[in-house]
Structures are given as C-alpha cells and as structure tokens.
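# Coordinate inspection notes
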Amino acid sequence: MFDNYFQMLRSEFRGYNIEKLTKDFSAGMTVAAVALPLALAFGVGSGANAAAGLITAIIGGIIMSLFSGAAFQISGPTGAMSAVLAIVVVKFGTEGLFTVSLMAGIILLLLGVFKLGKFISLIPAPVITGFTSGIAIIIALGQIDNMFGTTSVGETALERLTSYFSLGFSVNFSTLVLALIVIGVMALWPKKLAEKIPSSLAAIAAATLVSSLLGLDVPVVGAIPRSLVSDSRFSFSTVDFFRLPSMLSPAITVAALAMIESLLCGASAQQMTGGKFNANQELISQGIGNIIIPLFGGVPATAAIARTSVAIKSGCQTRMTGIFHGLGLLASMFFLAPVMSALPLSALAGVLMMTAWRMNEWGAIKKIFQSGFKSAMAQFLLTMICTVVFDLTVAIVIGIEFAMIIFILKATEINIYFSKIQNSKLRGREEDVEAMHGKAYISYVSGVIFFSNDDKLQKSFKELPPCDKIIISLRGVPLVDFVGATTLIEIIAKKQREGTEILLCGVHPKVMETLTRCNISEVLEKGKFRTCVDSALFGE
C-alpha cells in the first residue's frame, strides 16, 4: 500500500519545476474562489455553521489532496453530504456529528486498506442517479426556512415540511428577495465570465450588497473565528459511548456517500484528463481526512466533482493544486472573516437551492425515461423516494435489492422454440433430411433452466405434436440446476416411452456436468449427444 502511494508520488512529481508549480498555484487560487461560498453554504446546510464548512474545506483540501488517489481530486464539504449531516445534527447534536464523522472516517479507511473500492461498481447507474436526485430534494427542502424566513420543526426534511401545516407559513419577503437574487444571478451568469469569477461568489456579493444598501434586517452568518481550530470540535471526553451503537447507521450512511461521491468524481475526472486514479488510495485519503477533520471542528467531507473539474480546467498539474486551494481558503479565513460574517443566510440558501437543481443528472434522467426500460425507471424513482423518506443507506440497499430482483426475474426467463425439419430450410444442403429423420422437430432452448421455469419447459414439450424425433439444442443454456436437470431428464424419458427418438446437442460442459450427476445416462445413451444441430441432422 505504502509502496504504491510513494510510487504514484514519484511518477506525479517527476520533472516538477517552477512552471508547473505556478500552474498549480494559479489553479489552486481559482478553485479556492469557487469553494469559498460553497464551503460557507454547505456548512450552514449541514446544520453546523459556516465556520465548520470553511474548516472542512481547508483541512479536507490539504489532507485529502495530500493522500489522494489522483493528482486532480479536490475535496471539501458538498451539498449531498450536507443534506445527510443536517439529519445527524438534529438527532445527535453537533458533538454527535463529530463522532459520526470520526466513525465514518474509520470505515472509509478500512474500505481502502482492504481494497473494497471496486464495490462501487455493484451499484446500478439508475440507483446512483435516483439517490442523487433524492439528496437534491432534501437539500432544497432543508433550505426553505432560510429562503422564506419561516420556522419548521422535525428530524427529517419531510417532517419539517409537514410541520408548516401546524405552525403556519409566514413569508419574510426580504429573505426571499435576496435568495431569488442569488438564484437569478447564478442562473444567468455567463459561462465565459464564470471562468474568471464564480457565479456563486458573484451572486452572494450582489445579494449582500443589496441587503446592505437597503438596510434589510435579515439573519446573517455571524462571527467567523479567525482560528483553524474551532471551540466546538470533537473531544473524547464528550463522547457518549452508550449512543455509539445508534450512531453506527448514520456513520455507514456518511461513509457510503463519501465513497460513492469520491469514486464517481475520480472516475469522471479520469475520463476528463486521461490520468490515473487509484480508488482504494482515494478511500484511504477520505478516511484519514474524515478522522482528522472533526478534531478541528469540521464536518465530513468528500471529493467534489465541481471543484475537481474547475481544477482540471484551470491547469492542475499535481495534488499541489488541492493543497494551494486549502491554503487559499485559510488565508480568506484570516483576512475576509468580517465580510463573511455579514453574509445573509438567505443568500447561502439561494446557493444551495441552485446546487440542488444542478446536482440532478438531468441528462441521465432523460435517458432513463426516454429509453422505455421500466426497470430502470422503477429503480430511479424507488431510490429517490426512499432517499427522501428514509435515508441514503436504506435507499441504496433497497435500490440494489430491487435491481437484483429485476435482474433475477429477467435472468430466469427461458425461451423455447420448435422448428419442424424440412428440406427447404437446410441452407442449400442436398440431403433428404425429411426421409432421414421422418417427422422431426428441432427444439432451441435458451436461458437458465432451473426450478422457477421448469413448468414452462414441461408445458412446451407437452404441447408438441407426436413426432418421430426431437433434436434438443442446449447451446443457449449456460446453466441448469438440480430441478431443471431432473425435469429435462423426465421429459426425455417420457418422450422416449412414446416412441420419440431424442438427440441432445450443443451442451455446455457445466450443464453436462449437472446432467451427468442427475444420471442422464440412465435415459439417454452416449451416442445420442451431438456437438451441434448440423451434426445431429447429417451425422457429421
């Protein structure tokens, strides 16, 4: 593990010079400008505070970039993670959140050490798209209070939403206007200009300026401490060991989300750059980062595709880009704290609303519904609904289980087709096969033969008219279980008792092994097996 990591570093920094260092620094500062408003927004969205989001971006940017599985990965707080963490804060408080982060970091570290990063491939694409959309809905629902200036209660997004029916929904138009300004600026900000000035940064600046000029009385971020170590941070003395078992489920949820986001980010960025990405090393990086971050007072982090893509487009050369990005955010904490403390919470809510909208993989969603595959649509909708109603872990499990059930149902389909032997269908062969075989049929069987479809096999052969010979082609049968093999042998024995000759052809070795163990030799002698249908027809 260590050898692979240091070998990766040697390869990455081979030929590193001042020119590459300058490009890394420039890219790092660009990413920092993008990450600053997002870090504040995601910190607030997580249920902690803006300072926690900033600390997360700094520590995550430096530590996770240092140990990352690729040169281009940029980590920090994300919208998806903030949606999950908001529920954790409601249930366990900020101290519980730090404990959950530490536990999730340990889980991620173990996943990386035991090289389990490949399990991301077991999650079907519609399931991933579904829970991404579900998280986007949770983010949007979680920002209704900050955006509209209302008050809600409840642990989950749905509980807070339904609480408006009892508490009422009184809109503060000042906060709403500021949020709409942010959404409008971010939606209309020119793409070319966004390469120099991030739309989120410009939007928050515009909303803050309007708030100051009009003297609006709206909730603001509040004091940003000029310290990398928050007064509120993880401490072993505050751990409630009796609550640890109940924290395991959210810790698994956080770890699962960090794994999925980070590995998908790495895979996507790898396609953009053509560079190398070590999934297991990335999990180790995420594990180390999420163990260290709560010690400073930050919230769980993960690799972020938006910041990673900005880094790549800005000329990222090595992992120094991520480290410079973290140092740039650290400088902003010391020099821009007074400015950040005056940012309206509704402006950050607007950023999160746009983030929620953009999180949806609209192209993938359109493809799922245009494809006409009901199973893919069902996987997407089921996972999205479960993510909103339950939590990410439950949604992923249900989505995967549903996908497996659909796959099993499709895999168990068996197709049986009978073709009557006629001279006109023999591709120009001159032999009179009708005279050779009499009234005969070829049975083409495809699919897995096992207990759930043996009745279809029996019914098909039962409906076949009386004939002199049946050539059964099993070339399309990759597997047969005990029940299926027994049923096939019984069909063969019954047909032979009726005076029908049976030939088996194209039998796979594994299928033949099962048939042999079920004593097919007792009903069908060795000379009745052929390599293919042509061999059975012409005796070749």
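We now turn to the structure provided with this report. Just so you know, these numbers come straight off a predicted model, no measurement behind them. (Residues numbered from 1 in each chain as written. Predicted model: local features only at pLDDT ≥ 70, side-chain atom pairs only at ≥ 80, totals over all residues. Heavy atoms only, no water.)

The next thing to look at is the pattern of salt bridges. This structure, assessed with the given rule, holds five salt bridges. Salt-bridge contacts for Lys-23 lead to Glu-19; the nearest nitrogen and oxygen are separated by 3.8 Å. Here Lys-23 and its partner Glu-19 are both found in helix H2 (residues 18-45), four residues apart, which amounts to about one turn of the helix. Overall, the relative accessible area of 38% leaves Lys-23 in the partly exposed class. Residue classification places Glu-19 among the exposed residues on the basis of a relative accessible area of 51%. Taken together, the salt bridges that share partners define one network made up of Lys-469, Glu-501 and Lys-528. (Salt bridge = Lys/Arg side-chain N within 4 Å of Asp/Glu carboxyl O. Helix = DSSP H or I, 4+ residues; strand = E, 2+ residues; numbered from the N terminus. Buried < 20%, exposed > 50% of the residue type's maximum accessible area, 1.4 Å probe, protein only.)

Looking at the element boundaries, Thr-175 is found in helix H9 (residues 173-188). Classification of Thr-175 by relative accessible area gives buried; the value is 2%. Each residue touching Thr-175, except ones within four places of it in the same chain, is listed here: Asn-146, Met-147, Phe-148, Gly-149, Val-218, Pro-219 and Ser-346. (Contact = heavy atoms within 4.5 Å.)

As a further point, take the environment of Leu-382. In this fold, Leu-382 is placed in helix H19 (residues 374-389). Taking the C-alpha atoms as reference, Leu-382 lies 51 Å from Arg-497; in sequence the two are 115 residues apart. Those residues in contact with Leu-382 that sit more than four places away from it in its chain are Ile-398 and Phe-402.

The strand order across the open sheet formed by five strands is S3-S4-S5-S6-S7, and the pairing between neighbours is mixed. At either margin of the open sheet sits one strand with a lone partner, and together these are strand S3 (415-420) and strand S7 (529-530). Relative to S7, strand S6 (residues 501-505) runs parallel, the two being bridged by two bridges. Looking at the pairing, Cys-505 lines up with Arg-530 of S7. (Pairing = 2+ DSSP bridges.)

The next subject is the packing of helix H18 (residues 362-371) against H19. Between H18 and H19, whose axes approach to 8 Å, the crossing angle comes to 135°. Between H18 and H19, the angle is such that the two are oblique. As for the relative orientation of H18 and H19, their crossing is left-handed in sense. For the pair H18 and H19, contact is made by Ile-365, Ile-368 and Phe-369 and by Ala-376, Met-377, Phe-380 and Leu-381, respectively. Here the residues of the contact of H18 with H19 sort into seven nonpolar, no polar and no charged. (Axes fitted to C-alpha atoms, helices over the stretch in contact; angles between N-to-C directions. Parallel < 35°, antiparallel > 145°, perpendicular 65-115°, else oblique. Left-handed = near helix turned anticlockwise from the far one by under 90°. Nonpolar A, V, L, I, M, F, W, Y, C, P; charged D, E, K, R; others polar.)

With the exception of glycine, most residues fall at negative phi, and the peptide bonds are largely trans. Residue Lys-115 is not a glycine yet carries a positive backbone phi of 55°. Along the polypeptide, Lys-115 turns up in the loop between helix H4 (79-113) and helix H5 (125-142). For Asn-519, which is not glycine, the phi torsion reads 65° and is therefore positive. Within the secondary structure, Asn-519 sits in the loop between helix H24 (509-517) and S7. Residue class for Asn-519 comes out partly exposed when judged on its relative accessible area of 38%.

Our focus in this paragraph is a nonpolar patch on the surface. A cluster of nonpolar residues, Phe-369, Leu-381, Ile-385, Val-389, Phe-390 and Val-394, forms a patch on the protein surface that exposes about 480 Å² of accessible area. Topologically, Phe-369 is positioned in helix H18. Here Phe-369 falls in the partly exposed class, since its relative accessible area comes to 36%. (Patch = residues over 30% accessible without salt bridge, like charges linked within 9 Å, V, L, I, M, F, W, Y side chains within 5 Å. Areas by Shrake-Rupley, 256 points an atom, 1.4 Å probe, with all protein chains shown as cover.)

Of all five residues in S6, four are buried; the element is thus mostly enclosed. Direction of pairing for strand S5 (residues 469-476) relative to S6: parallel, over a ladder of five bridges. Each bridged residue has a counterpart across the sheet, and for Lys-469 the counterpart in S6 is Glu-501. Handedness of the crossover joining S5 and S6 through helix H23 (residues 482-497): right-handed. Handedness of the crossover joining S6 and S7 through H24: right-handed. (Right-handed = clockwise from strand over helix to strand, strands pointing away.)

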